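Given next are the chains, with one letter for each unit.
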Number of protein chains: 2
Amino acid sequence: MFIAIIMKSNDKQTKEQEILKAAEQEFLTKGYDGARTTSIAQAAGVTHAMLHYYFRTKEQLFDRIVESKFSTMSQSLIAILGDPTLPIVERLKVGIGAHFDFVAENPQLPRFVINEIVSRPERYDVLYKRVGSVVDNVYNGLQADIDRAAARGEIERVDVRMLLISIMSLNIFTFLAYPFMEPLMGELMANRERFIEARKAENIATILKRIEKR
Amino acid sequence: MFIAIIMKSNDKQTKEQEILKAAEQEFLTKGYDGARTTSIAQAAGVTHAMLHYYFRTKEQLFDRIVESKFSTMSQSLIAILGDPTLPIVERLKVGIGAHFDFVAENPQLPRFVINEIVSRPERYDVLYKRVGSVVDNVYNGLQADIDRAAARGEIERVDVRMLLISIMSLNIFTFLAYPFMEPLMGELMANRERFIEARKAENIATILKRIEKR
DNA sequence: ATTTGCATTAACAATTCTGTTAAACAATAT
DNA sequence: ATATTGTTTAACAGAATTGTTAATGCAAAT
């Protein structure tokens, strides 16, 4: 009796979650247009009618994935804030590294988000405001810190928004273009782990040198 | 008589080219899966049967666009080489700026290429080798120059491949993520021209500082 | 045991999209 | 004038894809 209940409720969750998992994979790699509901259902081990039973339409299923991915995206930006108790250079080291690690764990995310924003901007007004306020927080949280260090003559004064764009560029592009660069770079990228670590150090070095005083 | 001939041949070229132009736009923004042959035909002002008459299939039409875009991509990489007669710092300024300008004129290109490589890698083995040899050239063309300057103590010695990735990251990401960042950055990006110019200067500054000696 | 409610399936319907074809058309060469 | 060649259109065919539905199964509650 007990066992039966547990099994039932597990199965129920599993089927729906199985579909979500398969959908995430399919949408992230192929995008909305390239994804096939039948292919998602197959990957989840159910008939495609089940997909419609749980999520009604392809679009609603897609929205569930988008919602979750935008949330992850916001978190990754917050990571850049680093540890506010540390001196600015250390703080940036931590922040850039944490952001890098975050992207490393969600390497398909940036391409997905950018593609969606480009192909249907109007759809994302709501989700967007959330990200917008996160960016504001990161900006406010860092600019004052940098200004203070610059006033003390420790670093060069820079616009944090420009610095943020540079950080995101360096960290995100590494993974965005990985499949493109990998066959072009020979030994440098032969060992993925090694290359990723080297890239992380390089990005941190690049940003820190950017704010160095001459 | 003359006039008739000229008009005819003009029209002929124009129809086919009109389709190519519309196809480029459609494929670049929506990708292969999102593009519709009927929509391309409509944008070109012809029935969609014409599209099949000239290009047989959607895939063959697509291949024509891909071919041309990979070629543009290769050119943009060559631009990084800059002017080899200049001293290294000046040379890099020119190279990074030229690459930036190239991307600025083809802002949709990187997203298109990356998406294609990710979604069907096997298709691009041939085109890829071309890009690969271009990268080798750029690498060889710059590393020796940098090593010499480093030996003279003018700059810090760096791995050019890492530097190339950083340059591409900074330059390409600016346009790749533009639609994503634009609503998030307020006044900084309110004026596109202004922002683009500022970004170009920032990217050059970032790379040059990276190779500065401490 | 029967009912109730959700889960599941298979078959089908509707639409959209790519690609074809046969006929009409236009310009040129003979 | 007529034949020839390439261009264009409209109508259609086939396939793929999303979404629906009616019937069935199955566990739990009464």
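Treat the numbers as computed from the prediction; the structure is a model and nothing was measured.

**Comments concerning the overall build of chain A**
Then, in step 1: Within chain A one finds 10 helices and zero strands.
Then, in step 2: Element order for chain A, N to C, with α for helix and β for strand: α-α-α-α-α-α-α-α-α-α.
Then, in step 3: Radius of gyration (C-alpha) of chain A: 21 Å, far over the 17 Å computed for a compact globule of 214 residues.
Then, in step 4: For the C-alpha atoms alone, the extent of chain A along its principal axes is close to 70 × 40 × 40 Å.
Then, in step 5: Partitioning the contacts of chain A with sequence separation of at least 6, the portion at a separation of at least 24 is 66%.

**Let's talk about the interface of chain B and chain A**
Then, in step 1: Each partner contributes to the interface: chain B provides 46 residues, whereas chain A provides 46 residues.
Then, in step 2: Counting each side, the surface lost to burial between chain B and chain A is near 4900 Å², with a carbon and sulfur contribution of 68%.
Then, in step 3: When residues of chain B are sorted by the area they lose upon contact with chain A, Met162(B), Phe180(B) and Lys209(B) head the list and together hold 16% of the total.
Then, in step 4: Arg161(A) serves as the salt-bridge partner of Glu187(B), at 2.7 Å between the closest nitrogen and oxygen.
Then, in step 5: Our count for the chain B to chain A interface comes out at 23 residue pairs in polar contact (both at pLDDT 80 or more).
Then, in step 6: When residues of the side of chain B that touches chain A are traced back to their parent elements, those giving at least two are helix H1 (2–34), helix H6 (109–119), helix H7 (125–151), helix H8 (160–176), helix H9 (178–181) and helix H10 (192–210) of chain B.
Then, in step 7: Ranked by residue count, the leading element in the side of chain B that touches chain A is H8(B), at 10 residues.

**Here's the deal with the relation of the copies chain B and chain A**
Then, in step 1: After a rotation of 180 degrees and a shift along the axis of 0.0 Å, chain B superposes on chain A with an RMSD of 0.1 Å. Viewed as a symmetry operation, the transformation between the two copies matches a two-fold axis.
Then, in step 2: Looking at the interface residues of chain B, 100% of them are also at the interface in chain A, so both copies use one shared face.

**Here's the deal with unusual backbone geometry**
All names here are of chain A.
Then, in step 1: Phi angles above zero are rare outside glycine, and Arg 56 is one such case at about 65 degrees.
Then, in step 2: Locating Arg 56 in the fold gives a position in the loop between helix H3 (48–55) and helix H4 (58–79).
Then, in step 3: Owing to a relative accessible area of 63%, Arg 56 belongs among the exposed residues under this scheme.

**Quick notes on the side chain of Asn115(A)**
Then, in step 1: Its location among the elements puts Asn115(A) in helix H6 (residues 109–119).
Then, in step 2: A polar atom in the side chain of Asn115(A) sits 2.8 Å from the side chain of Arg111(B).
Then, in step 3: Contact partners of Asn115(A), with chain neighbours within four places excluded, come to Arg111(B) and Asn115(B).

**Focus: the packing of helix H4 (residues 58–79) of chain B against helix H5 (residues 88–105) of chain B**
Residues and elements named next belong to chain B.
Then, in step 1: Packing of H4 against H5 leaves a shortest axis separation of 7 Å and a crossing angle of 155 degrees. Considering their axes alone, H4 and H5 lie roughly antiparallel with respect to each other. Contacts between H4 and H5 involve Thr 72, Gln 75, Ser 76 and Ala 79 from the former and Gly 95, Ala 98, His 99 and Phe 102 from the latter.

**Side note on the packing of helix H8 (residues 160–176) of chain A against helix H10 (residues 192–210) of chain A**
Residues and elements named next belong to chain A.
Then, in step 1: Interhelical geometry of H8 versus H10 gives an angle of 165 degrees and a closest axis separation of 10 Å. On the basis of their axis angle, the class for H8 and H10 is roughly antiparallel. You can see that H8 and H10 cross each other, and the crossing is right-handed. Judged by residue contacts, Leu 163, Ser 166, Ile 167, Leu 170, Asn 171, Thr 174 and Phe 175 of H8 engage Arg 192, Phe 195, Ile 196, Arg 199, Asn 203, Thr 206, Ile 207 and Arg 210 from H10.

Cut-off values and rules
Residues numbered from 1 in each chain as written. Chains lettered and ligands numbered in written order. Predicted model: local features only at pLDDT ≥ 70, side-chain atom pairs only at ≥ 80, totals over all residues. Heavy atoms only, no water. Helix = DSSP H or I, 4+ residues; strand = E, 2+ residues; numbered from the N terminus. Rg over C-alpha atoms; globule rule 2.2 N^0.38 Å. Contact = heavy atoms within 4.5 Å. Buried area = accessible area lost by both parts, 1.4 Å probe. Salt bridge = Lys/Arg side-chain N within 4 Å of Asp/Glu carboxyl O. Polar contact = N/O pair within 3.5 Å; in protein donor to acceptor, adjacent residues only side chain to side chain. Least-squares fit on C-alpha atoms with pLDDT ≥ 70 in both. Buried < 20%, exposed > 50% of the residue type's maximum accessible area, 1.4 Å probe, protein only. Axes fitted to C-alpha atoms, helices over the stretch in contact; angles between N-to-C directions. Parallel < 35°, antiparallel > 145°, perpendicular 65-115°, else oblique. Left-handed = near helix turned anticlockwise from the far one by under 90°.

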